[in-house]
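Take a look at the letters that make up each chain.
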Amino acid sequence: MSYLNAVANRKVTPQNLPIPGTSQVANSAGGYAFPVDDWTRLSRFLVLGSEKGSYYATQTALTAENAEAVGRCIDADGERTVREIVAVSNAGRAPKNDPAIFALALAASLGSETTRKAALDALPTVCRTGTHLFHFAQFVDGMRGWGRGLRGAVARWYDAKPIKSLAYQAVKYGQRDGWSHRDLLRLAHPKPGNEARRILYHWIAQGWERIGDVPHDETDLQIVWAMEKAKLPGTTAKTVAELIRTYDLPREAVPTLFLNDSLVWEALLERMPLTALLRNLATLTRVGVLDSKAWQAHVTKELTDAGRLKAARVHPLSVLAALKTYAQGHGERGKHTWSPVGKIVDALDAAFYASFGNVESTGKRFVLALDVSGSMGYGDIAGMPGITPRIGSAAMALITAATEGKTETVSFQTSLTRLAISPRQRLDDVLKAVSGLPFGGTDCALPMVWATKNRVEADAFVVYTDSETWHGAIHPVQALREYRQKTGIAARLIVVGMVANAFSIADPEDGGMLDVVGFDTATPLLIGDLFGVFIENKRGNEPFGSLPLLFRFPLPNRV
Ligand code: CA
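Residues numbered from 1 in each chain as written. Predicted model: local features only at pLDDT ≥ 70, side-chain atom pairs only at ≥ 80, totals over all residues. Heavy atoms only, no water.

Caption draft 1: Just the domain arrangement of the protein chain, in detail. What the domain assignment lists for the protein chain is domain 1 (272-355) and domain 2 (360-546). Here the C-alpha centre of domain 2 lies 28 Å away from the C-alpha centre of domain 1. Each partner contributes residues to the interface: domain 1 has 17 residues there, and domain 2 has 21 residues. Of the roughly 1700 Å² buried where domain 1 meets domain 2, counting both sides, 77% is carbon and sulfur surface. On the domain 1 side of the contact with domain 2, Leu 317, Leu 320 and Tyr 353 bury the most area, a combined 34% of that side's loss. Linking domain 1 with domain 2 are one salt bridge, by the criterion used here. Here Arg 426 ties to Asp 346 by a salt bridge, and the two come within 3.1 Å at their closest N and O atoms. Mapped by element, the contributors of at least two residues to the side of domain 1 that touches domain 2 are α18 (316-328) and α19 (342-354). Of the residues forming the side of domain 1 that touches domain 2, the biggest block, eight residues, is contributed by α18. (Domains from an automatic or database assignment. Contact = heavy atoms within 4.5 Å. Buried area = accessible area lost by both parts, 1.4 Å probe. Salt bridge = Lys/Arg side-chain N within 4 Å of Asp/Glu carboxyl O. Helix = DSSP H or I, 4+ residues; strand = E, 2+ residues; numbered from the N terminus.)

Caption draft 2: Molecular detail of the coordination of the calcium ion. Ser 373 (OG), Ser 375 (OG) and Thr 442 (OG1) make up the full set of protein donors to the calcium ion, lying at 2.3 to 2.4 Å. Considered as a linear motif, the donors of the calcium ion on their single chain read S-x1-S-x66-T. Of the two residues, Ser 375 sits in the loop between β5 (365-371) and α20 (389-403) while Thr 442 sits in the loop between α21 (427-435) and α22 (446-453), which places them 67 residues apart along the sequence. By the burial criterion, Ser 375 is buried, and Thr 442 matches it. (Donors = N, O, S within 2.8 Å, 3.2 Å for Na, K, Ca; no water. Buried < 20%, exposed > 50% of the residue type's maximum accessible area, 1.4 Å probe, protein only.)

Caption draft 3: Representation of the nonpolar core. Among the nonpolar cores identified, the biggest contains 153 residues, and Phe 136, Leu 249, Leu 303, Leu 348 and Phe 352 are the most heavily contacted of them. Ranked by residue count, the leading element in this core is helix α4 (residues 98-110), at nine residues. Those residues in contact with Phe 352 that sit more than four places away from it in its chain are Pro 316, Val 319, Leu 320, Ala 395, Ile 399, Leu 427 and Phe 519. Grouped together as the second largest cluster of nonpolar side chains are 28 residues, Ile 19, Cys 444, Ala 451 and Val 456 included. (Core = buried A, V, L, I, M, F, W, Y, C linked by side-chain atoms within 4.5 Å.)

Caption draft 4: Structural context of the sheet that holds strand β2 (residues 32-35). The sheet built from three strands is open, its strands ordered β1-β2-β10 with antiparallel pairing. Sheet topology places β1 (25-26) and β10 (503-504) at the edges, where each strand pairs with a single neighbour. Both β2 and β10 contribute to a ladder of two bridges, which runs antiparallel. The residue of β10 that forms the bridge with Phe 34 is Ser 504. (Pairing = 2+ DSSP bridges.)

Caption draft 5: Broad picture of the pairing of strand β11 (residues 513-517). Most of β11 is tucked away: five of the five residues are buried. The alternating pattern of β11 places Met 513, Asp 515 and Val 517 on one face and Leu 514 and Val 516 on the opposite face, and all of these are buried. Bridging between strand β9 (residues 492-497) and β11 involves five bridges; their strand directions are parallel. Within β11, the residue paired with Val 495 across the bridge is Asp 515.

Caption draft 6: Layout of the packing of aromatic side chains. For the structure shown, the criterion picks out 12 aromatic pairs. Each ring, one from Tyr 55 and one from Tyr 56, has its centre 4.9 Å from the other, and the planes form 85°; the classification is edge-to-face. When its relative accessible area of 48% is taken as the criterion, Tyr 55 is described as partly exposed. For Tyr 56, a relative accessible area of 32% translates into the label partly exposed. Judged by centre distance (5.0 Å) and plane angle (75°), the rings of Trp 157 and Tyr 158 are edge-to-face. Put simply, the rings of Phe 45, Phe 102 and Phe 139 touch in pairs and so form one group of aromatic residues. (Phe/Tyr/Trp six-rings, centres within 6.5 Å; stacked < 30°, edge-to-face > 60°.)

Caption draft 7: A nonpolar patch on the surface, seen in detail. Residues Tyr 55, Tyr 56 and Tyr 378 make up a contiguous nonpolar surface patch of about 330 Å² in total accessible area. Tracing the sequence through the fold places Tyr 378 in the loop between β5 and α20. When its relative accessible area of 44% is taken as the criterion, Tyr 378 is described as partly exposed. (Patch = residues over 30% accessible without salt bridge, like charges linked within 9 Å, V, L, I, M, F, W, Y side chains within 5 Å. Areas by Shrake-Rupley, 256 points an atom, 1.4 Å probe, with all protein chains shown as cover.)

Caption draft 8: Broad picture of helix α14 (residues 262-270). Of all the residues in α14, the buried ones are Val 264, Trp 265, Ala 267, Leu 268 and Leu 269. In this structure Asp 261 caps α14, since a side-chain oxygen of it lies 2.8 Å from the backbone nitrogen of Leu 263. (Polar contact = N/O pair within 3.5 Å; in protein donor to acceptor, adjacent residues only side chain to side chain.)

Caption draft 9: Region of the structure containing unusual backbone geometry. We note that Asp 177 has phi near 50°; this positive angle belongs to a residue other than glycine. Even without a glycine there, the phi angle at Arg 455 is positive, about 50°. Turning to its location among the elements, Arg 455 is positioned in the loop between α22 and β8 (460-465). Among the residues examined, Arg 455 registers a relative accessible area of 73% and is labelled exposed.

Caption draft 10: Geometry of the pattern of salt bridges. Going through the model one piece at a time under the given rule, you end up with 23 salt bridges. Residue Arg 44 is joined to Asp 515 by a salt bridge in which the shortest nitrogen-to-oxygen separation is 3.7 Å. Pair noted here: Arg 44 is in helix α2 (residues 38-48) and Asp 515 is in strand β11, with a separation of 471 residues, a long-range link. An identical accessibility class is assigned to Arg 44 and Asp 515; each is buried.

Caption draft 11: Region of the structure containing the environment of Asp 177. In this fold, Asp 177 is placed in the loop between β3 (175-176) and β4 (179-180). Counting along the chain gives 40 residues from Asp 177 to Ala 137, while the straight-line C-alpha distance between them is 9.8 Å. Apart from residues no more than four positions distant in its own chain, Asp 177 is found in contact with His 135 and Gln 138. Within the local environment of Asp 177, its side chain forms a polar contact with the side chain of His 135, the two groups lying 2.7 Å apart.

Caption draft 12: Looking closely at the packing of helix α10 (residues 181-188) against helix α11 (residues 195-206). At a minimum axis separation of 8 Å, α10 and α11 run at an interaxial angle of 115°. Along this stretch, α10 crosses α11, giving a crossing that reads as left-handed. Of α11, the residues touching α10 (which contributes His 181, Arg 182, Leu 185 and Arg 186) are Tyr 201, Ile 204 and Ala 205. For the contact of α10 with α11, the class distribution of residues is four nonpolar, one polar and two charged. (Axes fitted to C-alpha atoms, helices over the stretch in contact; angles between N-to-C directions. Left-handed = near helix turned anticlockwise from the far one by under 90°. Nonpolar A, V, L, I, M, F, W, Y, C, P; charged D, E, K, R; others polar.)

Caption draft 13: Summary view of the side chain of Ser 50. Here Ser 50 shows up in the loop between α2 and α3 (59-90). For Ser 50, a relative accessible area of 7% puts it in the buried group. Polar side-chain contacts of Ser 50 include one of 2.7 Å to the side chain of Thr 63.

As structure tokens, this is what we get:
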């Protein structure tokens, strides 16, 4: 009868079979997991994206799958979909804005009339820069026609932008990905409300015939003059540096000829936005600016200012990617090399923790479990070079380890290893240590099985995974229930999804289990929420002002 028992037993089911009576479906690895609902998929897509695909799906296949899930959300509740897109984009919860722009283009194309209007109304909130707007134009161009509604929304985008910031955008990126401000102005025909705006639109559409010796009287337009002036033959690096200082020229407006000059880079660095600073640390080192102790101190101060990080919507994953590339002294693809400055790597390390904002301790005991199986070593999270789900998991775990006093970190594939990593180590060393772990098959039940066997006390198991589990003799949720029964601890399971796929090891019917998204900056707060640690009025605090309600489960009364 043992062969019958294997299928009938709801307490112990091998992972290559579904647990009887549950909603489990086959995952991509030949095991069984719970399907996540479309709203969770939407969140995963908005935060993690589908660039570079996954171990199991190409970039195109994974994107198409996610687009279908977003389409189902739009059908079910278009306005909620738009609200969710706006919430993730506007609070800077995602490493990249592209998935939000893509989803907004879908809502502006596929939705009901009300949904399409809501999506177009949200255009300036989601597409904050010219580059965002170009991406939106490119996506939406393939999805629908340029009717009056769409043209009107683009015209309103231009009209609502203050002249100063529109001039800055136009100077920074005149065109991207086959779209330019000129194209969009011709399509949208915004009516300039005043003379300065008329001049700016004219310059964007047709350029200027000649450059005067002195800048335009209108201060907001002077940056355009400065950009044209920098391009004139015979201009020296010294003059370019002066133009940068006086008129706030961004790096993109500096002719290539001057981009190896330390004078020019010093001028840029004085007022460089934080996101640009992260991208340019290698160049600043290579051209010698960061040899200077004073500039090192300046950069350190900028990078570790929590208030500025938040205001600039600097995402922890951008910091992590910058740190990884900078510390290794060469680009992922490019030919350039540099000698990393230790102080700058330290500053990036501090910036990573600071960029998650103020995360409060729950006081609970955690087992942080990193899935280091083969599939986790493939693909880059949100397309960030070199940041695989495996490496990203380690960084996410460190955030919780740094906040919570009582944590135990383990890694698993088909066997489990205790990891001696800690937030006191520098992040690049931790990443190296985790990169070097052996790959293998996947058994996501191991953290719970191990804790039961070794009497490790835990209020929560946090598993960082793609939920493509298949190897174990017992399902993760069954191993958790056994742990609860044997220890009497009402332990929770928090699944940190690291790939935008359709699976989770968490049982949606169990109130003590939670699906969160890796690298969503709201994730640490959601973990606290599961324990009821954060009181209602704290939720108003940025950057977690708008939390996705889909994550809120009722807590169980007993195990
Ligand atoms: Ca795997």
